[in-house]
Structures are given as structure tokens and as C-alpha cells.
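# Coordinates in review
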Amino acid sequence: LIHAPHKPFYDVWEIHVLEGVVYFRTREHIFRYRAGSMTVFQNRPSGDEPLNIQAAFTYREYYHVLDRQGGLYRLENDSLVQVMPANLFPEEIEAFENLGDGRLLFTVPERMYILDMKNGRVTPFSTSHPDYFKQNKLYKGIEQYGRYLLAGTDLGGMVVMDRQGNFKKVIGDQQGLLTGSIYQLYIDRQQNLWVATSNGIARIEMAVPITFWDQRN
């Protein structure tokens, strides 16, 4: 399905499914799988300049990517259309989480921001313990769990916050979660939280002890 000029493409960083269409995102490519065929997008709308993608997300009926130089694009009618310029965004964006009402929470290594899609604005998201993220570094893992926001870090486990940014709990080594770096968080249909880390995969039932799978399982 993928022709030779687009190979090799190395790591696929994110996969999104939107209305039956699957999007695979690498640093320099968007692969769209639809109805048995693959379409590849690798250049900015300005011409032959290659994409340099930091992160991707879906919003309403569109797939969006954030390019380091070109800013935020949405994929519309087989074309990338700029939504916001690059100078609105900080460097080193790791992940987005849709909070609803046109707002997305996103992370950089030392803090969080809110992207307001309705008004085209980016504003800092304040937390009760900002130094914790500066010391332990946010990474890819960010999720919502009921009333709470969950944030994975490189060095300090997983932080549970309310939607105002107040820390409620930190789950890490002392709670039995042998984390290392947290790469991804996922809520399954039974509302279990799965944590992908550099040390293995953990399943957390938020009100009960942690179950951990590592290389021994």
C-alpha cells in the first residue's frame, strides 16, 4: 500500500481513527488509510518543504497536525489548510487531549497549555504544583478519567489532578507502579487505566491496588 518513494518512514508516533478513516503520523509523513488504499501527505501547503510534525489530534470532523515551522494544519479535501501560525505555540509539544467545548489540553516538558480552537488562542494552564513538572518532565501520556486529568511524567510517575489543575494524587514507585518514563495512558471499556512505561505495562483500577505486568509475564 505504501510506495517506495515514501519508504523508509521509521517510527509511527500516533494513530487516530476518525469516521472509519485511519491516520498514521510520523515526524515527516501523514498516512491516511481509507477504503483499502493509502494516501501520503509529506509537504507543507507552501510547496516542496517537508513536514516536521510535533503532534496530531482530531477535532470535530477533521484530522489536525502541528508542524514546527508551519503551525497547525487541518486535513481538508486532500489538502493541508493552515488553522493557526507556528508562533502561537511553544516548542517541544508532546501530546494533546480534547477537553470538549473547543478546548484542548496539551503538554510541553515543563508545563501544560490550553488550545482554544474557537478563538484561536493558546494560554498557559496553571497547576497547584508547577515545580513538580519542571523537575519530573511531562511526556506523551495525558488522559481524562471522569472528573480528573491524568498526566504521565518522565521521572515522577503519574499525576492525578482535578480540572482546575489541583494535584490530588501522585502514583509512582511508592504506590507500587514501577514506572520509569510513562509513554502513554489509555482508558479501556471497563474504565481501567492502562499505563505504558519504559518498565512494562501497568493496569490501574483507580480505587484498588495496582496490577503490574513486566518482562516476567
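Whatever comes next refers back to the structure up there.
Before going into details, it helps to say that this report is about the structure given with it. (Residues numbered from 1 in each chain as written. Predicted model: local features only at pLDDT ≥ 70, side-chain atom pairs only at ≥ 80, totals over all residues. Heavy atoms only, no water.)

### Considering unusual backbone geometry
The residue after K7, namely P8, is reached through a cis peptide bond having omega -10°. Within the fold, P8 resides in the segment before β1 (14-18). Of note in the backbone geometry, N77 takes a positive phi value of approximately 50° without being a glycine. Note that N77 resides in the loop between β7 (71-76) and β8 (79-84). On the basis of relative accessible area, N77 is assigned to the exposed category, the value being 71%. We note that Q191 has phi near 65°; this positive angle belongs to a residue other than glycine. Residue placement: Q191 occurs in the loop between β17 (182-187) and β18 (193-197). (Helix = DSSP H or I, 4+ residues; strand = E, 2+ residues; numbered from the N terminus. Buried < 20%, exposed > 50% of the residue type's maximum accessible area, 1.4 Å probe, protein only.)

### Observations concerning the packing of aromatic side chains
Within a pair of aromatic rings, the relevant descriptors are the distance that separates the centres and the angle that separates the planes. For the structure on display, the rule yields 10 aromatic pairs. Arranged with centres 6.2 Å apart and planes meeting at 50°, the rings of F89 and F106 form a pair that is tilted. Residue F89 is located in the loop between β8 and β9 (95-100), and its partner F106 is located in strand β10 (residues 103-108); the two are separated by 17 residues in the primary sequence. Residue F89 is classed as buried on the basis of its relative accessible area, which comes to 10%. (Phe/Tyr/Trp six-rings, centres within 6.5 Å; stacked < 30°, edge-to-face > 60°.)

### With respect to the sheet that holds β7
Taken together, the four strands give an open sheet; going across it, the order is β5-β6-β7-β8, and neighbouring strands pair in antiparallel fashion. Because the sheet does not close on itself, it has two edges, and the strands there are β5 (53-59) and β8. Each strand of the sheet is rotated relative to its neighbour by a mean of 30°, with strand direction disregarded. Sheet analysis places β5 next to strand β6 (residues 62-67), joined by six bridges and oriented antiparallel. Within β6, the residue paired with A56 across the bridge is V65. (Pairing = 2+ DSSP bridges. Axes fitted to C-alpha atoms, helices over the stretch in contact; angles between N-to-C directions.)

### Structural notes on the pattern of salt bridges
Applying the stated criterion to the full structure yields 11 salt bridges. The closest approach of N and O atoms between E14 and R25, which form a salt bridge, is 2.7 Å. Placement of the pair is E14 in strand β1 and R25 in strand β2 (residues 21-25), with a sequence separation of 11 residues. Each member of the pair, E14 as well as R25, is classed as buried. Each of R44, E49 and D67 takes part in a single network of salt bridges with overlapping partners. (Salt bridge = Lys/Arg side-chain N within 4 Å of Asp/Glu carboxyl O.)

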